[in-house]
Amino acid sequence: MKAKIILVIFFSYLSFIAESQVIRGRISNESGDPVPYATVYIHELRQGTTTNGKGDYEIRIPEGRYRISYQCLGYSPLTYDIIVNAKPTTKDVSLSMQYYQIPEVKILATGEDPAYGIMRKSIGMAPYYLNNTEYYKAEVYLKGNLVFKKIPRLLRKRISITTNSEEKDREITRRVLEGDIFMLESFNEVEFTAPDSYVQKVISVNSTFPEEGENISPMDFIQASFYQPLLAGVAISPLSPQAFSYYRFRYLGATTQGNITLNKIQVIPRMKSQQLFEGTIYIIENLWCLHSVDLINDNIAGRISIQQLYVPVQDDIWLPVSHNFVINIGVLGVSADAEYLSSVRYIEVRPNLLLKKPSSITTDSFKRHAVSNEKNISDKQQKIEEILKDDEMTNRDMIRLARLMNKESEKAQPDSIRESLEIKDNTVRTIADDAYNTDSAYWAEIRPIPLSEPEIISVMKRDSILMEKSSGTDETVLQDNDDKKEQNKFFSFLGNLAFGHTWSDTTNFSFNYGGLLDPDNFSFSTVDGFVHGLDFRISKKWKDASQLTISPEMSYAFSRRSFIWRVNGNYLFDRKKNQQFFFNAGMISRDISDGGSVNKLINTLSSLLAENNLLKLYGSDYLTLGYRTTVSNGLTIEINGGLDNRKLLINTTDFSFISTDQGYSDNKPENPYLEEGADPVYSLRDMKHYHFGTEITYTPRQRYRMNNGVRIPQGSDWPSFRFSWKHGINEQDPSSGTYSHFDKIKLLAYKESDIGAFSTFRWRIETGFFLNKSQLSYYDFFHFNTQPLLLTINDYQDAFRLPPFYSLSTPDFYVEAHSRYTTPYLMLKYLPGLSKTLMSENLTFSYLGSDYHRNYMEIGYSVSEISLIGEFGVYAGLENLRYKNIGIRFILKIN
C-alpha cells in the first residue's frame, strides 16, 4: 500500500515538471563540476535566484527578451540575452575562475596594506548605503532544510516530533532518526519603508516540519544588513565603525567586471570570537559599497556561513538579490545541517532623494543624485566631500565620515520619524488564509530554486503519511499517547504539588501555586529557626485592560513558633497612564537593613555549616498603601503611606550541622552607631512607626514602545532622575504618648549606555540627608548594599564588595557613586583558548562619602558570563586614597 502511494506521488511530480514552461539549466565550472548556490539575475525583472546544491536553477517568467547574468563568488560573471517563448528554455552555463591582481598603484610606500584605505571609505559610507533606499516592494522566496546527521544514543528516544491527528484530542509522536530531513519553503510579499518599517505577507507555505517549526520567517534574513554595526544583534560587522579594533584586513587584489572595479578583501578577526566573522568581502571601487560577502561565524551552536550578492536594482541602489545561509549545528552531541536559500524580485524601488550622494562616490554609470549637481550644499556635505577626496584617509577621518553620514541620514528622515520618541514595532507579519492550502502543481509553477533529491523525498514522505492517515493506516506511529493519559494524570498531580503550577481559563483569570519544594520558600535563621511556606498568585484581567493581582505568602517559623504571612496587592485601572493602587501587609521577620539584604540561601548555609548568622532580623507587623501613575512620558509619581509595628527579636536556636568555637553572634548589626558608648538615641528598640511620602522619577525624552495601549520605557539619551521624600513618625514613649518626627530626602541620577559593540557603561550617583533627625533610630538610617562574602548568589548591582554587612549605615549626609564598564574585548579575549567564549570583562568603581567613611573607594576588575552563570572579580578598597584591603569574589547568577 505504502509503495503504491509513493509511486503515485512520484509520477505526479514528473508530470508537473514536464508541463512547466520555464527557463532552467545548470551552472558548472570549467571542469564540468556543478557550481552550487550561484546567482541568476534577470535585469528587466529585478529578480535574482540561487542554484541548488547541484547547480540547478529553474525560473518561470513571462515570454520576452531578457538580459540574464550568471555569477558566483570566485568566478567571472557571464551575461546573456535570452529569448523566452512558449516552449521551455534550457540554458546551461559554464563559469571560469575569477583572477584578482594587485595593481602597482595599490602598493603603498608606508607599507600599510591597501585594504585599510578601501575599508576606511567603505566604513565611512556604510550609513549612506544603509539609508539610501526610501521604499521597496519585493517578492521573496525562501527555502530552508534541516538534516539530522548524528543523534547520541542517550538522546535518540528523547528527540521526537508531535503532530495532531484528525481525531480530536489524539496526538501522534514520531521519533526523529539520523538522516531525517525537514524542508520548508514560503513565498512572501515584503514592503519596506524607510527607516525600518517592514510589512510581510506570507502568501504560501509548504513544510514538512512539525507545527512548532513552521513559523520560520525570512524577515530576520531580509532585515539584517552588513552596513549595520551589529548584524542581527549577534555579531560585529566588518563595516562597523569599530571594525579596526576587532578585525585585520588583507588586500587580495582587484578585477574588472564591466565598468566597475571590484576589490577583494580578506576579513581576519584579531581573535577567535563568537561575535566576529572571517572570510571575504568584495568592495566596489569609487562607490565603496558591498558587491558580495562570503563570511563565516563560529558560535556556540555551530558554524554559520553567509553568502550574499548585491546588484544595482535601480540607479546606484545596490540591494541583495540572493542569500545563502548554511548552518552546521553541533549541540550536546547532536549534529545537524541547516540551509536557507532565498530568491528576491524587486517589484518597485524608490531612492531616498533627501539623502544626497557625495559627488566623488560614482562610476561612469552611476552619476545621479550627486551633491556636486546641487547648487547649495551644507557644511556637513562639504566636509564629507573633503574627507572622501583624501587618498590617505586616517582612522580618525573614517570615524568623522561615518558620524557625518549618520547625521545626514537622520536629517533625511521625515520630521515625524526623527522627532518621535515612540519606537514602533515596524515588522508586521500576516499569513494568508489559504497559505497552507497549496498543492504540488502550485509550487512547481512558482518555485525558483529546484528542490534537492532529499527535499523531494521529505515532501513525498509527508504526503504518504497524510494519505495513510486518510485511509486509516499509519505505519510510522511509534506511540499513541491516549493510553498513557490516565497514568500521566497522577504523576502530573505529584509534579504540580511539588514544583507548582499555573491554572488559567478563558476569562483571563489565573491562579499560580509555587509548590512545596520551591527553594525560595525554605530558609533557616537563628531568629526563626527553620522556615517553610507556600506562595500563591491570583490574577484577573478585564476587557478594559484593568487588572487585579493578589500575591499571598504563608510560612511557619518552627523555632520561634510563629506564623509568618504577607500579602501584596496591585490594582491597575488605567494602563495608558499606568495608574494603579497597591498595598502590602504582613507579619514577618524583616532584615534590619533595606539597602541590600543578605541572600537567604547564603545565610542558611553559613548558619548551618559555619555558625555564622549573617542576617539580622526584626519583627515587622506592617501595612503600606500607595498610588502610582505616569503623569507624562518619562515622569512617574508615587504617593505612599503606612505603619510598621517594630519589635526586637532575639536568637531562638543555636542549632547547626557543624559546631564551631565561635558560636552564633547576637541578633544585632555591627555598626559604629550601635557600639557600646554610642548615642543611645540610635539604638534598636520596640516602637511603632508611621510614614508617608512621595517618589518622583523623571527621564527626559524617554523613548517607549506601545503594547496594548501601555507605554513600555525603552531608555533615553538623558539620565534618569529620582527624588524621594519620606516623613517618618516614631513612637518614643508609649506611656506618655510622645512621638518624634523626621524627614528623609534622597536624590538619585543614573544612566546606562551602549558605547560600542556589546559594550555598556552604567553609572549611578546618589545623595541623601535627614531633617529633624534628633530622635532617629537605626531602623531609619541610610543603608547601603554591602556584599562582602567570598561567594554571592545572584548579582547585586552597585554593591560594595569589601565592607562587612551593616557597617556602612549612617544617619548623616552622604554621597554614593557607582560605575561599571562592560565589554567582551578588554584583555582576556586576546588570549589563546578564551577568545571563543562568551565571557565579558568589567571595570568597576564605587565611592561613599559619609561621617564615618569620609572617602571610601573600591576599584574592581571582574570576568562575567563564565559558563553563562558565573562571575569572578578582584576588588581593592581605599580610604582617603590609602590602601585598606583587597578581596576576591565569586558570583553565581542562578535566577
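Before reading on, note that the structure itself is shown above.
Below is a short write-up of the structure. All figures in this text were calculated on a predicted structure; none of them were measured in a lab.

Criteria and cut-off values
- Residues numbered from 1 in each chain as written.
- Predicted model: local features only at pLDDT ≥ 70, side-chain atom pairs only at ≥ 80, totals over all residues.
- Heavy atoms only, no water.
- Helix = DSSP H or I, 4+ residues; strand = E, 2+ residues; numbered from the N terminus.
- Areas by Shrake-Rupley, 256 points an atom, 1.4 Å probe, with all protein chains shown as cover.
- Pairing = 2+ DSSP bridges.
- Salt bridge = Lys/Arg side-chain N within 4 Å of Asp/Glu carboxyl O.
- Buried < 20%, exposed > 50% of the residue type's maximum accessible area, 1.4 Å probe, protein only.
- Axes fitted to C-alpha atoms, helices over the stretch in contact; angles between N-to-C directions.
- Parallel < 35°, antiparallel > 145°, perpendicular 65-115°, else oblique.
- Contact = heavy atoms within 4.5 Å.
- Nonpolar A, V, L, I, M, F, W, Y, C, P; charged D, E, K, R; others polar.
- Expected span 1.5 Å × (residues − 1).
- Arc of directions from axis to C-beta.
- Core = buried A, V, L, I, M, F, W, Y, C linked by side-chain atoms within 4.5 Å.
- Left-handed = near helix turned anticlockwise from the far one by under 90°.
- Patch = residues over 30% accessible without salt bridge, like charges linked within 9 Å, V, L, I, M, F, W, Y side chains within 5 Å.
- Lys, Arg positive; Asp, Glu negative; His and termini not counted.
- Charge placed at Lys NZ, Arg CZ, Asp CG, Glu CD.
- Polar contact = N/O pair within 3.5 Å; in protein donor to acceptor, adjacent residues only side chain to side chain.
- Bend = angle between axes of the 7 residues up to and from the residue.

Notes on the overall build of the protein chain
1) Next: Of regular secondary structure, the protein chain possesses 11 helices and 45 strands.
2) Next: Put simply, the protein chain shows about 44900 Å² of open surface, and 55% of that area lies on carbon and sulfur atoms.

Looking at the pairing of strand S22 (residues 334-351)
1) Next: As paired strands, strand S3 (residues 47-50) and S22 are joined by 2 bridges and run antiparallel to one another. Note on S22: the bridge partner recorded for Gly48 is Val344.
2) Next: Bridge count between strand S9 (residues 133-150) and S22: 16 bridges; the pairing is antiparallel. Of the residues in S22, the one forming a bridge with Lys137 is Glu348.

A few points about the pattern of salt bridges
1) Next: Following the criterion strictly, the structure yields 31 salt bridges and no others.
2) Next: Between Glu185 and Arg447 there is a salt bridge, with its nearest N and O atoms 2.7 Å apart. Here Glu185 is found in strand S12 (residues 181-193), whereas its partner Arg447 is found in the loop between helix H8 (440-446) and helix H9 (453-470), with 262 residues between them in sequence. When sorted by exposure, Glu185 lands in the same class as Arg447, which is buried.
3) Next: Arg703 is the partner of Asp717 in a salt bridge, and the nearest nitrogen-oxygen pair spans 3.4 Å. Here Asp717, found in the loop between strand S36 (710-713) and strand S37 (720-733), pairs with Arg703, found in the loop between strand S34 (687-698) and strand S35 (704-707); they are 14 residues apart in sequence, far enough to count as distant.

Overview of the pairing of strand S41 (residues 814-823)
1) Next: Counting buried positions along S41 yields 8 of 10 residues, so the element is predominantly enclosed.
2) Next: Examined bridge by bridge, S41 and strand S42 (residues 840-849) share 9 bridges and lie antiparallel to one another. Within the sheet, the bridge partner assigned to Arg820 lies in S42 and is Thr844.

Quick notes on the packing of helix H2 (residues 114-131) against helix H6 (residues 395-411)
1) Next: Closest axis-to-axis distance for the H2/H6 pair is 8 Å, and the angle between their directions is 5°. Comparing the axis directions of H2 and H6 gives the class roughly parallel. Across the interface between the two elements, Arg120, Lys121, Ile123, Gly124, Met125, Pro127, Tyr128 and Asn131 from H2 touch Asn395, Met398, Leu401, Ala402, Met405, Asn406 and Ser409 from H6.
2) Next: Classifying every residue of the contact of H2 with H6 by side-chain character gives 8 nonpolar, 5 polar and 2 charged.

A word on H6
Along an α-helix, a turn takes 3.6 residues, which lines up residues three or four apart on a common side.
1) Next: Between its terminal C-alpha atoms H6 stretches 24 Å, which fits the 24 Å expected from 17 residues at 1.5 Å a residue.
2) Next: Among all positions of H6, only Asp397, Met398, Leu401, Ala402, Leu404, Met405, Glu408 and Ser409 are buried. Along H6, the residues classed as buried sweep out an arc of 165° about the axis, all on the same side. Of the residues in H6, the exposed ones pointing more than 90 degrees away from the buried face are Arg396, Arg403 and Lys411.
3) Next: Close packing links the buried residues of H6 with H2, helix H4 (243-246) and helix H5 (379-389).

Some thoughts on the side chain of Thr760
1) Next: As for its placement among the helices and strands, Thr760 is situated in strand S39 (residues 759-771).
2) Next: Aside from chain neighbours lying at most four places away, what touches Thr760 is Glu752, Ser753, Asp754, Ile755, Arg820, Tyr821 and Thr822.

Re the nonpolar core
1) Next: By size, the foremost hydrophobic cluster in this structure holds 69 residues, and its most contacted members are Phe226, Tyr247, Phe249, Ile265, Ile281 and Leu290.
2) Next: Ranked by residue count, the leading element in this core is H2, at 9 residues.
3) Next: Excluding residues that lie within four positions of it along the chain, Tyr247 makes contacts with Ile236, Ser237, Pro238, Val267, Ile268, Pro269, Arg270, Gln275, Leu276 and Phe277.
4) Next: In terms of nonpolar packing, the next biggest core, distinct from the first, is built from 33 residues, Ile592, Met687, Tyr778 and Tyr814 among them.

Concerning unusual backbone geometry
1) Next: The phi angle at Trp288 is positive, at roughly 60°, despite the residue not being glycine.
2) Next: Within the fold, Trp288 resides in the loop between strand S18 (278-284) and strand S19 (290-299).
3) Next: Judged by relative accessible area, which is 7%, Trp288 ranks as buried.
4) Next: One non-glycine residue, Asn508, lies in positive phi territory at about 65°.
5) Next: One can find Asn508 in the loop between strand S25 (501-504) and strand S26 (509-513).

Here we look at the packing of H5 against H6
1) Next: H6 packs onto H5 with a crossing angle of 145° between their chain directions and a minimal axis gap of 10 Å. Crossing of H5 over H6 shows left-handed handedness. In contact with Lys380, Gln381, Lys383, Ile384, Ile387 and Leu388 of H5, H6 contributes Asp397, Arg400, Leu401, Leu404, Met405, Lys407 and Glu408.

Some details on a positive patch on the surface
1) Next: Together, Lys380, Lys383, Arg403, Lys407 and Lys411 line one region of the surface with positive charge.
2) Next: Contributions of two or more residues to the positive patch are made by H5 and H6.
3) Next: No other element matches the 3 residues that H6 contributes to the positive patch.
4) Next: Here Lys380 lies in helix H5.
5) Next: The exposure class assigned to Lys380 is partly exposed, which follows from its relative accessible area of 35%.

Let's talk about the environment of Ser777
1) Next: Along the chain, the position of Ser777 falls in the loop between S39 and strand S40 (791-793).
2) Next: It is 8.8 Å that separates the C-alpha atoms of Ser777 and Pro811, two residues lying 34 residues apart in sequence.

A few points about the environment of His323
1) Next: On the secondary structure map, His323 appears in strand S21 (residues 317-331).
2) Next: For the pair His323 and Gly48, spaced 275 residues apart in the sequence, the C-alpha separation amounts to 9.6 Å.
3) Next: Within the local environment of His323, its side chain forms a polar contact with the side chain of Gln308, the two groups lying 3.1 Å apart.

Details of H2
1) Next: Over its 18 residues, H2 runs 27 Å from end to end, which matches the ideal 26 Å to within 8%, given 1.5 Å per residue.
2) Next: The sharpest bend along H2 measures roughly 45° and falls at Met125, with the proline Pro127 sitting one to four residues further on.
3) Next: Extensive coverage of H2 is indicated by the burial of 16 of its 18 residues.
4) Next: Taking the backbone nitrogen of Ala115 as reference, a side-chain oxygen 2.9 Å away marks Asp113 as the first, capping residue of H2.

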